[in-house]
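Breakdown of the fold
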Amino acid sequence: MIIGTAGHIDHGKTTLVRALTGIDTDRLPEEKKRGISIELGYAFLDTPQGTRLGFIDVPGHERLVHTMLAGATGMDHALLLVAADDGVMPQTREHLTVLSLLAIESLTIVITKIDRVDAVRLGQVRDEVRDLLSDTRYAQAPCFEVSALPAQGIDRLKAHLFAQALQASGRRPLDAGFRIAIDRVFTVEGIGTVVTGSVHAGQVQTGDELVLAPSATERRARVRSVHAQNRAAERARAGERCALAIAGLDRQDVQRGQWLVSPGIAVSTQRLDVSLLLWPGEAKPLRSGTPVHVHVGACSSLGSVARLDGDGDDSLAPGTWGHLQLVLREPLAAWRGDRVVLRDGSASRTLAGGEVLDPFAPARYRRTPQRLAELAALALPEAAARQRALLQAAPWGVNLARLQVIEGQTTPLSMSAADEAGISVIQDGQVVAALSADSSDQLREQCLAALARFHEDHPDEIGPDTGRLRRLAAPRLSEPLWNSLVQDLLGQSRLSQRGAFIHLPDHAARLSAVEERIAQKIAPQLMQAGFEGAWARDLARDTGEPEPMMRVTISRLAQRGEVYQVVRDLVYDAPTMHRLAQLTRSVASQQQGTVTAARFRDATGLGRKRAIQILEFFDRIGVLRRVGDEHKVRTDTRLFMD
């Protein structure tokens, strides 16, 4: 368990930690000289049960609340200190606000310096503290009265913290991806770069590979050694203070506020959709466009707020919850369920706090009823319930692979949502995207209606290709889900496909008598041309037909899916194109699903230019997908496979 201090400056936070643990957390020369905490301090205490408690000592100065926030986000339990001779002070109130908005689960009140006051004054401070807590989640928090010099009440407080540690066991998720919020980075001679922070989720051990987030490019590090709760360990887990010696990143590569996380869950975002409470003590509503300081984990960033709900009201009233989008100036990393705190633009007071719902917040359609329903689903506490509600709320489907990253999970999500899906996308045996049955039915009808309109408007064409039909029927549906929907309709014989073109089963584009004659003339020439293809001008010359009429006929045949123009006027017949597609897949099967121009050139015997033209054509029609200098075979289409 990680225990943090909170309270006004000079109310005895560092002295109390030293009395409990024997460790002085003020380590900087400036802290020693001035007698105040400037940076986060750390101490540890062994329990009778054999576990170890970690303490985070935060500064109490009003100008260092941002540092206090960096430490507070890792706390499981907080000690709110109030000096008996001072009573409740400004930073007592602000630190309590921060703890409340961070939803720190449990709190203990510690009235310090009781040796300096009489019983009457002590009673007054007790009443002040109870009044302060009366309208908060900590109204029933236990209160201890102590003096560090001379020691009074320290043993009772220590026993209480041991009991709290037993209750806190198991609260943090150990089965999620590993995440540590970095609050210190330094170099140790002979060891290298060391990062420290609070582990928010998961587990890590020596030899694990981690990813830095946020980062413009993927930066990886290998764990060389682990210290958990200030002692060497093979493994560190959620709810512990952790120091990691890492290889692969230099000291200057890492900043406070970044995270080291398991591969596959790294996030870098400048838009967060959040559920937010404006602190009841605020005098004014929080309006859209207000500049704020956004604190998540150990990171802070300037940004602005935008109200998403509210029935046209763009402000959030004090003491009320709402869905807001935070638009940040600099990228940060966050995951669903992370706590977020807002301070005003001048960083002089704490305004609001709540929970991250979606770190991949959209810039468009962010206030639609469908989007608000999705946010309501993401706010549900149970993962399975979130998936089911999200599936029903998302008319364009749920990207489960993306949701897995949002949730910070390295293992595939429960398929509870996919089990109820009408359409799903499967990759490597896992469902990675899904549409609800209702949405699937609606989109099927939209697809058929859009295709019927296309046939009515373009009676001479066989039909659009699948990409064009998606733009006509469901432009916001992801391409993998769209392809699954089309394949489903083809399997039901509600759609037909000729080459790359989709049409209703009872629709066919007809050729004129002249076009039929030209088609019969060029058929043997295209077959003979093979992988090289034939140019329209050469076909016109060899058949004695006018070039303009040849181009019209080729266009009509292409609309029917009987020939293909790889580039303008370069024509292939359907059987040849089918063989080229099969050859492409064969080459790719030997190279983990990818094919390069050089390998395809060698397999076909073509020149490099022609090989590239064919591969780019396959990219356009959906047989391949361009990734850098390579072309990956798409598994979500059956084009040229029958």
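Residues numbered from 1 in each chain as written. Predicted model: local features only at pLDDT ≥ 70, side-chain atom pairs only at ≥ 80, totals over all residues. Heavy atoms only, no water.

1. Considering the overall build of the protein chain
Along the protein chain, the regular secondary structure elements total 19 helices and 34 strands. Computed over its C-alpha atoms, the radius of gyration of the protein chain comes to 32 Å, more than 25% above the 26 Å expected for a compact globule of 642 residues. For the protein chain, the spread of C-alpha atoms along the principal axes amounts to about 115 × 60 × 40 Å. Every one of the 642 residues in the protein chain was classed for burial, and the buried ones make up 53%. For the protein chain, the computed accessible surface area is about 27,900 Å², with 47% contributed by carbon and sulfur atoms. (Helix = DSSP H or I, 4+ residues; strand = E, 2+ residues; numbered from the N terminus. Rg over C-alpha atoms; globule rule 2.2 N^0.38 Å. Buried < 20%, exposed > 50% of the residue type's maximum accessible area, 1.4 Å probe, protein only. Areas by Shrake-Rupley, 256 points an atom, 1.4 Å probe, with all protein chains shown as cover.)

2. Quick notes on the pattern of salt bridges
The final tally for this structure, using the stated rule, is 37 salt bridges. Residue Glu-515 pairs with Arg-556 through a salt bridge whose shortest N-O separation is 3.6 Å. Taken together, the residues Glu-515 in helix α14 (residues 513-529) and Arg-556 in helix α16 (residues 547-559) connect sequence positions 41 residues apart. For the pair shown, Glu-515 and Arg-556 are each scored as buried. Its salt-bridge partner being Glu-547, residue Arg-551 comes within 2.9 Å of it at the nearest N-O pair. Taken together, the residues span about one helical turn, with Arg-551 and Glu-547 both in helix α16 at a distance of four residues. Overlapping salt bridges bring together Asp-273, Asp-358, Arg-371, Glu-374 and Arg-402 as one network. (Salt bridge = Lys/Arg side-chain N within 4 Å of Asp/Glu carboxyl O.)

3. Focus on the sheet that holds strand β32 (residues 594-595)
Taken together, the three strands give an open sheet; going across it, the order is β32-β34-β33, and neighbouring strands pair in antiparallel fashion. Either end of the sheet is taken by a strand with one partner, and the two such strands are β32 and β33 (624-627). Summarising the sheet, β32 and strand β34 (residues 630-633) pair through two bridges and their orientation is antiparallel. Counterpart to Val-595 in the pairing with β34 is His-631. (Pairing = 2+ DSSP bridges.)

4. Let's talk about the side chain of His-160
Among the structural elements, His-160 can be located in helix α6 (residues 154-168). Residue His-160 is classed as buried on the basis of its relative accessible area, which comes to 13%. Within polar-contact distance, the side chain of His-160 engages the side chain of Thr-108 at 2.8 Å. With residues near it in sequence (within four places) discarded, His-160 still touches His-77, Thr-108, Pro-142 and Phe-144. (Polar contact = N/O pair within 3.5 Å; in protein donor to acceptor, adjacent residues only side chain to side chain. Contact = heavy atoms within 4.5 Å.)

5. Notes on the pairing of strand β1 (residues 2-7)
Taken across its six residues, β1 has six buried, putting it largely inside the fold. Burial along β1 is two-sided: the residues Ile-2, Gly-4 and Ala-6 and Ile-3, Thr-5 and Gly-7 are all buried. Of the pairings in the sheet, the one linking β1 to strand β4 (residues 77-83) comprises five bridges and is parallel in character. Bridge pairing in β4 links Ala-6 to Leu-80.

6. Re the sheet that holds strand β5 (residues 106-112)
In space, the six strands of this open sheet follow the order β2-β3-β1-β4-β5-β6, with mixed pairing throughout. The sheet is open, and its two edges are formed by β2 (41-46) and β6 (143-145), each paired on a single side. Across the sheet, the axes of successive neighbouring strands diverge by a mean angle of 25 degrees, strand direction being ignored. In the sheet, β5 pairs with β6 via three bridges, with the strands oriented parallel. Within β6, the position partnered with Ile-109 by the bridge is Cys-143. Sitting on the sheet, helix α1 (residues 13-21) touches β1, β2, β3 (52-57), β4 and β5, and the angle it makes with β3 is about 165 degrees. (Axes fitted to C-alpha atoms, helices over the stretch in contact; angles between N-to-C directions.)

7. What about the environment of Asp-253?
Mapped onto the elements, Asp-253 comes out in the loop between β14 (241-247) and β15 (259-261). Under the relative-accessibility criterion, Asp-253 is labelled partly exposed at 23%. Along the sequence, Asp-253 and Arg-219 sit 34 residues apart, while their C-alpha atoms lie 9.0 Å from each other. When near neighbours in sequence (up to four residues on either side) are disregarded, Asp-253 contacts Leu-212, Arg-219 and Gln-258.

8. Some remarks on the nonpolar core
Grouped together as the largest cluster of nonpolar side chains are 50 residues, with contacts concentrated most on Leu-99, Leu-107, Ile-109, Leu-133 and Tyr-138. For Ile-109, the contacting residues outside a window of four places in its chain are Leu-80, Val-129, Leu-133, Ala-141, Pro-142, Cys-143 and Phe-144. Val-566, Leu-570, Ala-581 and Leu-639 belong to the second-largest nonpolar core, a separate cluster that totals 24 residues. (Core = buried A, V, L, I, M, F, W, Y, C linked by side-chain atoms within 4.5 Å.)

9. Description of helix α8 (residues 383-393)
Among the residues of α8, those classed as buried are Arg-386, Gln-387, Leu-390, Leu-391 and Ala-393. Down the axis of α8, the buried set is contained in an arc of 165 degrees. They therefore lie on one face. (Arc of directions from axis to C-beta.)

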